[in-house]
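Coordinates in review
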Amino acid sequence: QLQLVESGGGLVQPGGSLRLSCAASGFRLDYFAIGWFRQAPGKEREGVSCISGPGGWTNYADSVKGRFAISRDNAKNTVSLQMNSLKPEDTARYYCAAFPLLTMCPMAPGPYNYWGQGTQVTVSS
């Protein structure tokens, strides 16, 4: 019933850009806090960025501040993550997740109810 699908991943050289998209079916994303998470081999899943239901609250991991930007497109029922100045250490599988909270968003993965299957981002020369 409630599904999230990520897209936009791929192979990019250091310094390049990618735009990830999280699309929802079965519910309206604007009623949920949305988080982007990533997991590299041998590492724990970590929060990258999140946005509150109305979009008034955003948060970013220190490692991506100034390089990544999260945004909503309510008409398309999607949330995007624009990633610029990519580094090899950004290489990971990226997941979006939804949580029914409007006023803020958690960066920890535990509270999120719905998850996509992920999209691979590889930054390499």
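Up top is the structure.
In this report, we go over the structure that sits alongside the text. Because the structure is predicted, anything quoted here is derived from the model rather than measured. (Residues numbered from 1 in each chain as written. Predicted model: local features only at pLDDT ≥ 70, side-chain atom pairs only at ≥ 80, totals over all residues. Heavy atoms only, no water.)

Using the criterion set out here, one finds 5 salt bridges in the structure. Note that Asp90 and Arg67 form a salt bridge whose closest N and O atoms lie 2.8 Å from each other. Here the residue Asp90 occupies a position in the loop between strand S8 (78–83) and strand S9 (92–99), and Arg67 occupies one in the loop between strand S6 (58–60) and strand S7 (68–73), the gap between them amounting to 23 residues. In this pair, the class of Asp90 matches that of Arg67, namely buried. What emerges from the salt-bridge pattern is a single network uniting Arg38, Glu46, Arg67 and Asp90. (Salt bridge = Lys/Arg side-chain N within 4 Å of Asp/Glu carboxyl O. Helix = DSSP H or I, 4+ residues; strand = E, 2+ residues; numbered from the N terminus. Buried < 20%, exposed > 50% of the residue type's maximum accessible area, 1.4 Å probe, protein only.)

This part is about the pairing of S9. When you tally the buried positions in S9, you get 7 out of 8 residues, the bulk of the element. In the sheet, strand S4 (residues 33–39) pairs with S9 via 7 bridges, with the strands oriented antiparallel. For Ile34, the partnering residue across the bridge sits in S9 and is Ala98. Summarising the sheet, S9 and strand S11 (residues 119–123) pair through 3 bridges and their orientation is antiparallel. Residue pairing across strands places Tyr94 opposite Thr119, the latter belonging to S11. Pairing geometry for S9 and strand S10 (residues 114–115), over 2 bridges, is antiparallel. For Ala98, the partnering residue across the bridge sits in S10 and is Tyr114. (Pairing = 2+ DSSP bridges.)

Moving on, we come to the environment of Ser52. With respect to the element layout, Ser52 can be found in the loop between strand S5 (46–51) and S6. Look past the residues within four positions of Ser52 in its chain and what remains in contact with it is Phe32, Ala33, Trp57, Arg72, Leu102, Thr103, Met104 and Cys105. (Contact = heavy atoms within 4.5 Å.)

The subject of this paragraph is the state of the cysteines. The final tally for this structure, using the stated rule, is 2 disulfides. Covalently, Cys22 is tied to Cys96 through a disulfide, its sulfur atoms 2.1 Å apart. Taking the sign of the S-S torsion, about 65° here, the bridge from Cys22 to Cys96 comes out right-handed. In this pair, Cys22 sits in strand S3 (residues 18–25) while Cys96 sits in strand S9, placing the two residues 74 residues apart along the sequence. Two residues, Cys50 and Cys105, share a disulfide whose sulfurs are 2.1 Å apart. Taking the sign of the torsion about the S-S bond as the criterion, the disulfide between Cys50 and Cys105, at about 65°, is right-handed. Pair noted here: Cys50 is in strand S5 and Cys105 is in the loop between S9 and S10, with a separation of 55 residues, a long-range link. For the residue pair Cys50 and Cys105, the accessibility class agrees, reading buried in each case. The connectivity of the disulfides in the chain is 1-3, 2-4, where the numbers refer to bonded cysteines in sequence order. (Disulfide = S-S within 2.5 Å.)

When its relative accessible area of 1% is taken as the criterion, Asp90 is described as buried. Reaching out from Asp90, the side chain makes a polar contact with the side chain of Arg67 at a distance of 2.8 Å. Sequence-distant contacts of Asp90, defined by excluding residues within four places in its chain, comprise Arg38, Val64, Arg67, Phe68, Ser85, Val121 and Val123. (Polar contact = N/O pair within 3.5 Å; in protein donor to acceptor, adjacent residues only side chain to side chain.)

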